[in-house]
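Take a look at the letters that make up each chain.
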Amino acid sequence: MYAPRVLISMICALLVFAVATYFIHGSFLTSFIQTLLCLVIIQVGYFVGVLILVAKEKRQMRATLNFQKETAPAPETSVADAITGVSPHGPKLSDF
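Residues numbered from 1 in each chain as written. Predicted model: local features only at pLDDT ≥ 70, side-chain atom pairs only at ≥ 80, totals over all residues. Heavy atoms only, no water.

Participant: Please set out the packing of aromatic side chains residue by residue, giving values where relevant.
Facilitator: Overall, the coordinates contain 2 aromatic pairs when judged by the stated rule. Plain terms: the ring middles of Phe 28 and Phe 32 are 6.3 Å apart, the flat faces sit at 20 degrees to each other, and that makes the pair stacked. On the criterion of helical spacing, the pair formed by Phe 28 and Phe 32 is a turn pair, its members being 4 residues apart in helix α2 (residues 28-70). Residue classification places Phe 28 among the exposed positions, given a relative accessible area of 64%. (Phe/Tyr/Trp six-rings, centres within 6.5 Å; stacked < 30°, edge-to-face > 60°. Helix = DSSP H or I, 4+ residues; strand = E, 2+ residues; numbered from the N terminus. Buried < 20%, exposed > 50% of the residue type's maximum accessible area, 1.4 Å probe, protein only.)

So this is what it looks like as structure tokens:
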């Protein structure tokens, strides 16, 4: 949900709603009150939508972290084992 796009869309929807309720009821006060109620409903919906997106992202991050813990790499060999092992580049100087 991109905030500026949501804000512009919300303002446009509220303007259309305000004009429509004014033509239906013919009263500026009724139109204003109903538009304010519509504004509150839209804001609550936007807030709930953001909460759902954050919860979904949190679940995905937890699942990723749990997967990484389950598939942890095997422990590496010690430095001493790596030093005494055979070098892939040929014999060591100590072999002579």
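Participant: Break down the environment of Met 10 for me, with residues and values.
Facilitator: Of note, Met 10 is situated in helix α1 (residues 3-25). Residues within four places of Met 10 in sequence aside, it is in contact with Leu 39, Ile 42 and Gln 43. (Contact = heavy atoms within 4.5 Å.)

Participant: Give me a nonpolar patch on the surface: which residues, what numbers.
Facilitator: A cluster of nonpolar side chains, namely Val 19, Tyr 22, Phe 23, Phe 28, Leu 29, Phe 32, Ile 33, Leu 36 and Leu 37, defines an oily patch on the protein surface of about 990 Å² accessible area. When contributions to the nonpolar patch are tallied by element, the ones reaching two or more residues are α1 and α2. With 6 residues, α2 is the single largest residue contributor to the nonpolar patch. Mapped onto the fold, Leu 36 is located in helix α2. (Patch = residues over 30% accessible without salt bridge, like charges linked within 9 Å, V, L, I, M, F, W, Y side chains within 5 Å. Areas by Shrake-Rupley, 256 points an atom, 1.4 Å probe, with all protein chains shown as cover. Salt bridge = Lys/Arg side-chain N within 4 Å of Asp/Glu carboxyl O.)

Participant: Describe in detail α1, supporting the description with residues and values.
Facilitator: In a regular helix each residue adds 1.5 Å, so 23 residues correspond to 33 Å; α1 covers 32 Å between its end C-alpha atoms and thus fits that length. Regarding α1, the residues found buried are Met 10, Leu 14 and Thr 21. Two residues or fewer after α1 comes Gly 26, characterised by a positive phi angle close to 75 degrees. (Expected span 1.5 Å × (residues − 1).)

Participant: Before we move on, could you go through the confidence of the model for the protein and cite the residues and values that matter?
Facilitator: Reading fine detail from the predicted coordinates is not recommended where pLDDT is low. On average, residues of the protein carry a pLDDT of 81, and 69% of them reach 70 or more. For the protein, per-element mean pLDDT is lowest for helix α3 (residues 79-84), which scores 58, and highest for α1, which scores 91. (pLDDT = per-residue confidence, 0-100.)

Participant: Quick one: what's the story with the side chain of Ser 31, residue by residue and with numbers?
Facilitator: Looking at the element boundaries, Ser 31 is found in helix α2. For Ser 31, a relative accessible area of 5% puts it in the buried group. A polar contact of 2.9 Å, which involves the side chain of Ser 31, links it to the backbone oxygen of Ala 18. Those residues within four positions of Ser 31 in sequence are excluded, and the remaining contacts are Ala 18, Thr 21 and Tyr 22. (Polar contact = N/O pair within 3.5 Å; in protein donor to acceptor, adjacent residues only side chain to side chain.)

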